[in-house]
Structure formats: structure tokens, C-alpha cells
Number of protein chains: 2
Amino acid sequence: MSNVKKYSIEVRVWIEETEGAFLGIGKIWLLENIRKTGSITNAAKEMKMAYRQAWQLVEEMNQRAESPLVEKLLGGKGGGGARLTEAGERAITTFYELEKRIKDFAEKETQNLKF
Amino acid sequence: MSNVKKYSIEVRVWIEETEGAFLGIGKIWLLENIRKTGSITNAAKEMKMAYRQAWQLVEEMNQRAESPLVEKLLGGKGGGGARLTEAGERAITTFYELEKRIKDFAEKETQNLKF
DNA sequence: TATCAGTATTCATTTTAAAACATACTGAAT
DNA sequence: ATTCAGTATGTTTTAAAATGAATACTGATA
């Protein structure tokens, strides 16, 4: 028996747009937490991320998508909040489907890695 | 005609080992430059990377691979140098083949991305 | 019209990683 | 035994990124 180590393949998937990286797993998690908590503030807390950072990510997504992924509600009862748009919901679904297909393929394609 | 933006998918592939990321495109480039230049020093210069960093990457690769990917020559004529081992050569080939299959699949799998 | 919680934005601070610097070691060749 | 270019390694500087703190804005509700 020789010293055989286990190697596995990892794949990171993201969507690119003319100005660079547009949507990866990090922003998808943020979208999911916004859906779950109803606000950018609470989504950020959930992820132990600075509000400032979360807000900037949302801003960037909204500006670079064809239509906004997050709808922001200003003022009013509870101070406002944020919710996903239809496009935001679709983005999550689309991303995960794509990611799954690619990761499944990668795994299937990989056996007996040796270095 | 509506404002249709172009989105494309990007995929990053790397090899994972028990202790974490083991071999990705960055280390592969380093291996290629070592092969091309015959030393870690010159490979690092080629890549505008600090020698220290390049050396550490080589060290890590060698320790975590089943057998070293880079053979280091100490002292002597020209001060020494570094060259790829058989395993190092195979690592480059294996990595690129795997990466190509996965990227081709990803591209094929992706059309009409809309966000 | 005062409250309230979240959004919007700037600025200072901290954390982190990368690069730069410095110095010792190696061994063939002269 | 000196030279030489590359390896080996610790320490210091620099730069970039994330965080934190501070402040103004918003608008439904009581």
C-alpha cells in the first residue's frame, strides 16, 4: 500500500458582464439573506458582513442587471427594508441551476487524480 | 429592440487536498515559468511576483504532492536553479485537460443568460 | 410633529495580504 | 579560498480591503 492522497476538484462559477464579475455565490447568498430577513441591514448581520459592503453589492447588482434584483423601501413603518424583485428571484434559481450542472459534470469527469 | 446585455459564464477550477486548495491556475503558471526559465528567481521575475512568494508556493506544492513537482538545485555553477520533475510535467497536463473539459462544458451549457 | 428602523453616504480605523528588504547558505568553477 | 547566481528564511514596509463610527435622509404611523 503506497501513500495515496485524496485530491478532489473544486469549481467556482460566476457570471461575467462587460465591466467584470457580476454575480457569484457571494452575491447570491446576500440575495437569499435579503429575502429571508427583509432588509439589507439584517441580511448583513446574518452574514457578519458590514452594512456598507452589503449595500454596495446590492447597488452594483442593481445597476448592472438589466432590471434591479433588489427593491429598496425607504422610510415608513419599520424604517423601510428591502425585498427581491422577480428578476432577483430568477437570478438565484438560474445561478444555482447552472452551478449545479457544472459541478456535477466536473465531479463526474474527475477520478483518480494523482499528483 | 430592448436593452439586452451580454452575460457570460466564468469558471475557475482548482484541485483541493485535505489541507485546502492545492493546485490552481496560479501555481500552474509558476510551474510553466520555472520550466521556461530554469529557476524560481527568473520565473518570479517573469511573473512580476516576489521571489519569496514564488519560493513558498513551490515549497507548498512539493510538500503536499505525493512526490515533488519541482526539483531544486542548490549552489554550483550559476548558483543552482529549479526544474520540473516528471510529476510536475504531468501536473500541468492533467490540470489543463481537466480545466478545458469543464470550461467547454460550461460554455456549451450556457446560453441566453438574462438578469 | 415626533418617533422609529432602515436606507444612504462620508470618513477614520483596523485588519490583512503582498511586496520589499536584508542576510545567510550552497557548491561548482576558477 | 574567492567568486557567483540561485536557494532559503526572517523581518519590515507598503498597499489594499474590510470594518466601524458618525450623520443625514426617508416616510408610514401614532
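Residues numbered from 1 in each chain as written. Chains lettered and ligands numbered in written order. Predicted model: local features only at pLDDT ≥ 70, side-chain atom pairs only at ≥ 80, totals over all residues. Heavy atoms only, no water.

Looking at an unreviewed UniProt entry, chain A carries the name LysR family transcriptional regulator, with the source organism given as Flavobacterium soyae.

**So, the packing of aromatic side chains**
Under the defined criterion, the tally for this structure stands at nine aromatic pairs over all chains. Judged by centre distance (6.0 Å) and plane angle (70°), the ring pair of Phe 95 of chain A and Tyr 96 of chain A falls under edge-to-face. On the accessibility criterion, Phe 95 of chain A (1% relative accessible area) is buried. By relative accessible area, which is 27% here, Tyr 96 of chain A ends up partly exposed. Measuring from centroid to centroid gives 5.7 Å for Phe 115 of chain A and Phe 22 of chain B, while their planes differ by 65°, and the two rings are edge-to-face. In this pair, Phe 115 of chain A sits in the segment after α4 (86-109) while Phe 22 of chain B sits in strand β2 (residues 20-23), so the two residues belong to two different chains. (Phe/Tyr/Trp six-rings, centres within 6.5 Å; stacked < 30°, edge-to-face > 60°. Buried < 20%, exposed > 50% of the residue type's maximum accessible area, 1.4 Å probe, protein only. Helix = DSSP H or I, 4+ residues; strand = E, 2+ residues; numbered from the N terminus.)

**Points about the UniProt feature "domain: HTH lysR-type" (unreviewed entry) in chain A**
Mapped onto this numbering, the UniProt entry annotates "domain: HTH lysR-type" (unreviewed entry) at residues 31-89 of chain A. Taken end to end, residues 31-89 of chain A is 54% helix and 17% strand, and its first and last C-alpha atoms sit 8 Å apart. (UniProt positions renumbered as here; feature names shortened; annotations may be inferred.)

**Quick look at the interface of chain A and chain B**
Contacts between chain A and chain B engage 35 residues on the former and 35 residues on the latter. When chain A packs against chain B, close to 3,300 Å² is buried across both sides, 63% of that on carbon and sulfur atoms. Among the residues chain A hides against chain B, the three largest losses belong to Glu 10, Glu 66 and Phe 115 of chain A. Together they make up 25% of the total. Run the count over chain A and chain B and you get four salt bridges. The salt bridge partner of Arg 101 of chain A is Glu 109 of chain B, with a shortest N-O separation of 2.5 Å. Taken together, chain A and chain B are joined by 15 residue pairs in polar contact (both at pLDDT 80 or more). For the side of chain A that touches chain B, the leading source of residues is strand β1 (residues 7-17) of chain A, giving eleven residues. In terms of residue class, the side of chain A that touches chain B is made up of 17 nonpolar, seven polar and eleven charged. As paired elements, β1 of chain A and strand β1 (residues 7-17) of chain B share eleven bridges and run antiparallel to each other. Along β1 of chain B, the bridge assignment pairs Arg 12 of chain A with Arg 12 of chain B. (Contact = heavy atoms within 4.5 Å. Buried area = accessible area lost by both parts, 1.4 Å probe. Salt bridge = Lys/Arg side-chain N within 4 Å of Asp/Glu carboxyl O. Polar contact = N/O pair within 3.5 Å; in protein donor to acceptor, adjacent residues only side chain to side chain. Nonpolar A, V, L, I, M, F, W, Y, C, P; charged D, E, K, R; others polar. Pairing = 2+ DSSP bridges.)

**Re the protein's contact with DNA strand C**
All names here are of chain A. Looking at DNA strand C, there are 20 residues lining it, with Ile 40, Thr 41, Arg 52, Trp 55 and Gly 79 nearest. Between DNA strand C and Thr 41 there is a distance of 2.4 Å, counted from a phosphate oxygen to a side-chain nitrogen or oxygen. At the level of secondary structure, the elements contributing two or more residues to the surface near DNA strand C comprise α2 (40-46), α3 (51-64), β3 (70-74) and β4 (80-84). Looking at the surface near DNA strand C residue by residue, the classes come out as seven nonpolar, nine polar and four charged. (Near = heavy atom within 4 Å.)

**Re the protein's contact with DNA strand D**
Neighbouring DNA strand D are 21 residues, the closest being Gly 75 of chain A together with Thr 41, Arg 52, Trp 55 and Gly 79 of chain B. Taken together, the sugar and phosphate atoms account for 60% of what DNA strand D places within 4 Å of the protein. At 2.6 Å, a side-chain N or O of Arg 52 of chain B approaches a base nitrogen of DNA strand D. At 2.4 Å from a phosphate oxygen of DNA strand D is found a side-chain nitrogen or oxygen belonging to Trp 55 of chain B. Where the surface near DNA strand D is concerned, the elements lending two or more residues are α2 (40-46), α3 (51-64), β3 (70-74) and β4 (80-84) of chain B. Looking at the surface near DNA strand D, its residues break down into eight nonpolar, nine polar and four charged.

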